[in-house]
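# A closer look at the structure
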Amino acid sequence: MTTGDDRTYDLVVFGASGFTGQFVAERVAKRACEGSLTWAVAGRDRVKLQTVLASISRSNTSSSTELNLSGVGIIEADVSNETSLRQMCASSKVLLNCVGPYRFYGEPVVKACIEEKCNYVDVSGEPQFLETMQLKYNKQAQDNGVHIVGSCAFDSIPADLGTLFARETFPGKATQVESFLTITNTGTGYAGHYGTWQSAIYGFANRKELPKVRRQLFPQPLPKIGSKLPKRVGKLGYFYNRKLLKYCLPFPGADPSVVRRTQYHNVESHGVDPIQYGAYFTLPSFVSILKLYFFWLGIWFSCSVWLWAFSVGEGQLLCVPIE
């Protein structure tokens, strides 16, 4: 096994031919041309990976910095093949894992990274996966000197670093932070990726498992510093924010989970007082809330009746278009 500077690559993008992986690979390609970064793309199909690199090269032919991708490595690896995962991880200092849903495909990659002492980064927005990996592998990762960094994207860099930034720059002692996400419709409507839809469906169907993980991961609650974070959401599940002039609902993503775990770490490892955090997303009108509630009701009904009673709801939901 290679270690440290002896590794072939500084960075490997695993799942580079997938929806998210292609965007990540293109960003890495642009950054790599600015310095001496050695990197590779990885996935199950070598031809698809070659196609991705060719597409990135073609799409940037008019840019001021020419992308020469001839030196980019190509690694064949599959989450169902442990040997291929370990060989991939042994070749790199850092692995960017873009293969989801992480509930099904993430753990073998995390395990291989820890065993081969390769630092791990993903873009997961799945709290159950993130917290389960911490519960199962935190000690082993520490012993091997490996960093496991989840949610290193929209979920949940703005929330986590934003909370830390507020602590450092607030003129006084910050004890509470709330974030409000507003999504702007440009006129083409809303669409979501199928992998995100899968994660949402399975997360909802298995939502009772997460509290069990949290009781093991955090047996003691965080100490409350300052006044208690206001409970803004009423019985109907939303509230109207007069400053933003928008309706607000609790944000269902990974942000609260990620911020909470950071606060626990700061308390236990550094003795830093925790910050209470609340996350919301906004909607422009009450009609938008009704539409969303009907959508959620459809998911709840389908999961309850089809998945639990007749054991077919999962398959039915995953066939529903989300565009």
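It should be noted that the structure appears before, not after, this text.
Here's a quick rundown of the structure.

Calculation criteria
Within every chain, residues take consecutive numbers counted from 1 along the sequence as written. Local features in a predicted model are, by the rule used here, given only for residues with pLDDT of at least 70; side-chain atom pairs are given and counted only at 80 or more, and totals for whole chains, interfaces and linings are based on all residues. As a rule here, side-chain values come from all non-hydrogen atoms in the structure, and water together with hydrogens is ignored. A helix here means a DSSP run of H or I that spans at least four residues, while a strand means a run of E at least two residues long, and both kinds are numbered starting from the N terminus. Burial classes follow relative accessibility: with a 1.4 Å probe on protein chains only, a residue under 20% of its type's maximum area counts as buried, one over 50% as exposed, and anything between as partly exposed. The contact definition used throughout considers only heavy atoms, calling two residues in contact when any of these lie within 4.5 Å. Here, any two strands with at least 2 DSSP bridges between them count as paired. Only C-alpha atoms enter the line fits that serve as axes; for helices the fit covers just the stretch in contact. Angles between N-to-C directions range over 0 to 180 degrees. In this description, one arc is meant: the one made by directions from the helix axis to the C-beta atoms. Working definition: rings of Phe, Tyr and Trp (its six-membered ring) pair if their centres are within 6.5 Å, and the pair is stacked with planes under 30 degrees apart, edge-to-face with planes over 60 apart, and tilted otherwise.

## Some details on the side chain of Thr163
- Along the chain, the position of Thr163 falls in helix α7 (residues 157–169).
- Of the residues examined, Thr163 reaches a relative accessible area of 0% and is grouped as buried.
- Once you skip the residues sitting within four places of it in the chain, Thr163 turns out to touch Pro158, Val177, Val259, Gln263, Ile275 and Tyr277.

## A closer look at the sheet that holds strand β9 (residues 246–250)
- With respect to topology, four strands assemble into an open sheet ordered β7-β10-β9-β8, the strand pairing being mixed. Edge positions in the sheet fall to β7 (176–181) and β8 (239–241), since each has one partner strand and no second. Along the sheet, successive strands turn relative to each other by an average axial angle of 40°, direction set aside.
- As paired strands, β9 and strand β10 (residues 276–283) are joined by four bridges and run antiparallel to one another. Within β10, the residue paired with Pro250 across the bridge is Tyr280.

## What about helix α9 (residues 210–217)?
- Within α9, burial applies to Leu210, Val213 and Leu217. In an axial view of α9, the angular spread of the buried residues amounts to 60°, which keeps them on one side of the axis. Opposite the packed face of α9, turned more than 90 degrees from it, sit the exposed residues Arg215 and Gln216.
- Check the buried side of α9 and you find it contacts α6 (127–144) and α10 (255–270).

## Observations regarding the packing of aromatic side chains
- Scanning the entire structure with this criterion turns up 10 aromatic pairs.
- When the ring of Phe239 is compared with that of Tyr280, the centres are 5.3 Å apart and the planes differ by 85°; the resulting orientation is edge-to-face. Residue Phe239 is found in strand β8, and its partner Tyr280 is found in strand β10; the two are separated by 41 residues along the sequence. With respect to burial, Phe239 and Tyr280 carry one shared label: buried.
- Site record: aromatic cluster; members linked through ring pairs are Tyr238, Tyr240, Tyr247 and Phe286.

## Side note on unusual backbone geometry
- Pro101 follows Gly100 through a cis peptide bond whose omega is 0°.
- Here Pro101 is to be found in the loop between β4 (92–97) and α4 (102–105).
- Cis peptide bonds are those with omega within 30 degrees of zero, and the linkage from Asp155 to Ser156 qualifies with 5°.
- Within the secondary structure, Ser156 is located in the loop between β6 (148–149) and α7.
- One non-glycine residue with positive phi stands out, namely Ser151, at about 55°.
- Along the polypeptide, Ser151 turns up in the loop between β6 and α7.

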